[in-house]
Amino acid sequence: MTTAAAPGNDGSGSLAWARRRDSLARFWRAYRTHRAGLYGLAGLAVIALIALTAPLTVGGNIQSVTSAPGSALESPSGQFPLGTDQFGRSLLGLLIWGARISLAVGLLAAALSVAIGTLVGILAGHYGGWLATALMRITDWFLVMPTLVLAIVLATVMSHSVWTVILAIGVTSWPTTARLVRAQTIAVESRPYIERARALGGGHRHIMSRHVLPNVMPLVLAQTTLGISNAILTEATLAFLGLGDPTVVSWGGMLQDAREAGAVSSGHWWYLAPPGIAIALVALSFTLCGRAVEAVLNPKLGVR
Amino acid sequence: MARTVPSRNALRPPRPGRRVAIGAAAVALLATAVLPVRGAVADDSKGGEKVLTVAVSQSVDSLSPFLAQRVISTSVHRLMYEYLTDYDAGDGHAVPGLATAWNTSPDKLTWTYTIRRDAKWSDGRQVTADDAAWTFNKTMTDKGAATANGSFVANFKKVTAPGPTTLVVELKRPQATMTALDVPIVPRHVWEKVGDFTRFNNDRRFPVVGDGPFVLTDYKVDQYIKLRPNKTFWRGAPQFDELVFKYYKDNDAAVAALRKGEVSFVSNLTPAQASSLKSASHIKVNDAPGRRFFALAANPGAQSKDGTRFGDGNPALLDPRVRRALFASVDRTMLVDKVFQGHAVEGEGYIPPRFADYFWKPAAEQRIAYDPVEAAALLDAAGYRTGADGRRTGKDGRPLGLRLLCHAIDPNDKAVSKYLQEWWAKLGIGLTVDCVDNVTDPWMSGEYDLALDGYSVSPDPDYVLSIHTCAARPATPRATGQTDDFVCDRPFDELYAKQLAEYDTAKRADLVKRMESRLYDTGYINVMAYPNAVEAYRTDQIESITTMPEAAGNIYGQDGYWSWWSAVPASGSAAKPGGGPSAGVVLGIVAGAIVLAGAASFVVLRRRVDADDRE
């Protein structure tokens, strides 16, 4: 990040890199001690691999209804290990393909939510005064509003698309991050080196981006990891409630399709269980990782 | 069904509040799947009373017969109030209702009805011709009272009651639908006191005075509608002691309730539900030809009666070759096989084959068969050529892209739109699917290219034909009209006027068929299928029930009160449904176990964090 890496300044540049490598290695060593975190990471790696290789393993044609290979709602067989949906498409293929949307929406929505939260938190923590009061009252308002209800309202009034869902989750789940980041910002800004920076002529922008942001990053990172599992669950909930994009396959959408086909009352458990279990596993993996990261990075939780 | 404007709401039962309810329903579902359910067949609770419980999902718009337009409300009105004439349960011809006989003057303009003497209001007063005259006059003179039934009296000049058993209606022009007036006759002595008809919903004071087979005794919004039999009903009292329409916003929950015996009847089943219920004991599945059509409507360039164009329909659809190409690439057989899984009949003419008198199908040379090759040729001829990217572009260089308006809450709509998207993509046409909860607003303002459309058809086809006449269009772009798709076609209108004035049934049927042929050729309303009515009821609660038509017909949403009026309680209707744990129970247990496992792991994690906290 040091843009002042002028020629001849190589030494300090490589020093910074070495320091970063060093801290990363330290982070990894600390992370390794959390067994649950390792399980979570392994789970994520497997799921990410499945999602990324989906175009090779199942192909985008799996979504096609006109060229569906099976008949409606077949039970599991050799050809269709998880059976078929009401269009005759392979549920295993859809499950693999759906991982892409569910993960993408989860990641983007969590990123959006954390970005908003960080911005609001740093601004409120740094400037204080009436701006902080105003921002924090808005945060409070969002905090007391039930997230799901707000997201449902947003998703209902906007058109049914993936971006709507991302936006709906993103703009409703940021208040916790904002509160955390604000507290951390205030803590960081009370340190002497901020005063030094200010004395040397550092402006608001410089202090916020060069000193506060790097120091709240660990918190933000942990918050993102935890937020993803929430975002994936919310995405699945919204899709299950029929508020997702009906033309793309996602896990929540599969549950909604199953419900609409009457799979619950007609006992087609193989249609309902796999997407549900997949959602639970991904959310669990992210939570495990997030907890481990939090434990490593947040000094208040102590070093094991 | 005549009074189902706007039918896009009425016929695909809207489920307001369903979104929010589903979450709760899903939770409740797990709960109901695991918990034992208290027997709902009333024997235990009400000392031997036989209760017929019907699961419904559509919300009531109003219980005032002057305002109600949805299927649920008009069905209840059929039970509460007698009409001048009823449709025969067998073949739908007009049979005596309140009127025992009717005749028309030689000039076809004066109709005289004889009102029966043996009909009484539930408060003991005699039903007279004066009640009927008052009902019609109110609808004619008070704009607020014309919301639901205004179209039936638009052609009336004068309605009088010279005696207690004689009703005389004078017409402006001949009208063939005088024995198919779907207007509930209300008691004058009760309704005279109503001030503002637009705001009176008839749901405050119970029981509601009526003269139908049932009397409305209680109603709670989206919870239940309760009716008691009218013991003095002239056709004979119904046999059940109570009729309850109970709300289940989630159809799967309703099916679970049917399996448990909590409800006696469920309609609107999915193919999967129907096939699993077929093997259930004490349950009969009724899979009958439906009275609905399911069509693809193309926006003909919305226009109001004053000539103002509005909306944003794609001008490409004004080219008949484009409309033909679009429909020629729709494989109707596949839709019936895959989406409806056989619970539908492939679409032909406008009126479903169930109404044999008026059913028309195109001859081989007129028929737009499934033929993607011809569709591509038609588009080429219309000037939409395929570009390098596989998409068709018009002469103006813009790619041909269309929008499809569909109902977000209708699984069939969503399924069909997936197929359309793929078929048209192969042709090089892009399709944006707009599945929304409220289709009425974009529809009424003409803001759509294509839309998935459906109406229920009454034994008398006048109404479903009238919605495609020029006169049905809104007066101004902001007004609401009866129109379905803004179709305005002179030859169609001329035929419509002729059939309305034709009192000879055979000649009228012939005119109706010519209208269907004309509508088919315009290509604005393309019927893809006639979905079946798929319903199920418990045979240990209902011994027998009349379908309409009797041979193979539906039970819910009939053009009459036949089903619920005729329902015979099963002798052992107290019998508890038996059976071991259903799939739902197993599922509930599995889900519960997963939730518990998840919760446990979180608690463990929490503990660990706490331990970290303690340092």
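Residues numbered from 1 in each chain as written. Chains lettered and ligands numbered in written order. Predicted model: local features only at pLDDT ≥ 70, side-chain atom pairs only at ≥ 80, totals over all residues.

A. Seen up close, the overall build of chain A. Check the secondary structure of chain A and you find 12 helices and zero strands. Counted from the first residue to the last, chain A has its helices and strands arranged as α-α-α-α-α-α-α-α-α-α-α-α. Dimensions of chain A along its principal axes, counting C-alpha atoms only, are 75 × 45 × 40 Å. Taking all 304 residues of chain A together, the buried fraction comes to 46%. (Helix = DSSP H or I, 4+ residues; strand = E, 2+ residues; numbered from the N terminus. Buried ≥ 20, exposed ≤ 12 C-beta atoms within 10 Å, placed from the backbone.)

B. Representation of helix H15 (residues 490-501) of chain B. Residue and element names in this part refer to chain B. Given a rise of 1.5 Å per residue, 12 residues ought to cover 16 Å, and the 17 Å separating the end C-alpha atoms of H15 matches this to within 8%. Of the residues making up H15, those classed as buried are Phe492, Leu495, Tyr496 and Gln499. Projection of H15 onto a plane perpendicular to its axis shows the buried side chains occupying an angular sector of 105 degrees, all on one side. On its buried face, H15 sits against helix H14 (462-466) and helix H16 (505-522). (Expected span 1.5 Å × (residues − 1). Arc of directions from axis to C-beta. Contact = placed C-beta atoms within 7 Å.)

C. Representation of helix H12 (residues 411-427) of chain B in the model. Its 17 residues give H12(B) an end-to-end C-alpha distance of 25 Å, which sits within 8% of 24 Å, the value for a rise of 1.5 Å per residue. B:Gly428 sits one or two positions beyond H12(B) and adopts a positive phi of about 95 degrees.

D. Looking closely at the sheet that holds strand S7 (residues 166-171) of chain B. Residue and element names in this part refer to chain B. Spatially, S4-S5-S7-S6 is the arrangement adopted by the four strands of the open sheet, whose pairing is antiparallel. Bordering the open sheet on either side are strand S4 (99-104) and strand S6 (156-163), each of which pairs with just one other strand. Neighbour-to-neighbour, the strand axes of the sheet open up by a mean angle of 20 degrees, direction not taken into account. Examined bridge by bridge, S6 and S7 share five bridges and lie antiparallel to one another. Looking at the pairing, threonine 160 lines up with valine 168 of S7. (Pairing = 2+ DSSP bridges. Axes fitted to C-alpha atoms, helices over the stretch in contact; angles between N-to-C directions.)

E. Broad picture of the domain arrangement of chain B. When the domains of chain B are assigned, the result is domain 1 (37-54 + 213-289 + 536-579), domain 2 (58-212), domain 3 (292-531) and domain 4 (590-615). Just the C-alpha atoms count here: the centres of domain 3 of chain B and domain 4 of chain B sit 56 Å apart. (Domains from an automatic or database assignment.)

F. Representation of the sheet that holds strand S13 (residues 292-298) of chain B within the structure. Residue and element names in this part refer to chain B. Read across the open sheet, the six strands follow the order S14-S20-S13-S19-S17-S18; overall the sheet is mixed. The sheet terminates laterally at strand S14 (344-346) and strand S18 (430-436), the two strands that pair on one side only. Between one strand and the next, the sheet's axes are offset by a mean angle of 30 degrees, whatever the strand orientation. With three bridges joining them, S14 and strand S20 (residues 525-531) adopt antiparallel strand pairing.

G. Structural detail: the confidence of the model for chain A. Residues with a pLDDT of 70 or more make up 94% of chain A, whose mean pLDDT is 87. Here residues 1-8 of chain A is a poorly scored stretch, pLDDT under 50, and it has three contacts once near neighbours within four places are set aside; other chains count. (pLDDT = per-residue confidence, 0-100.)

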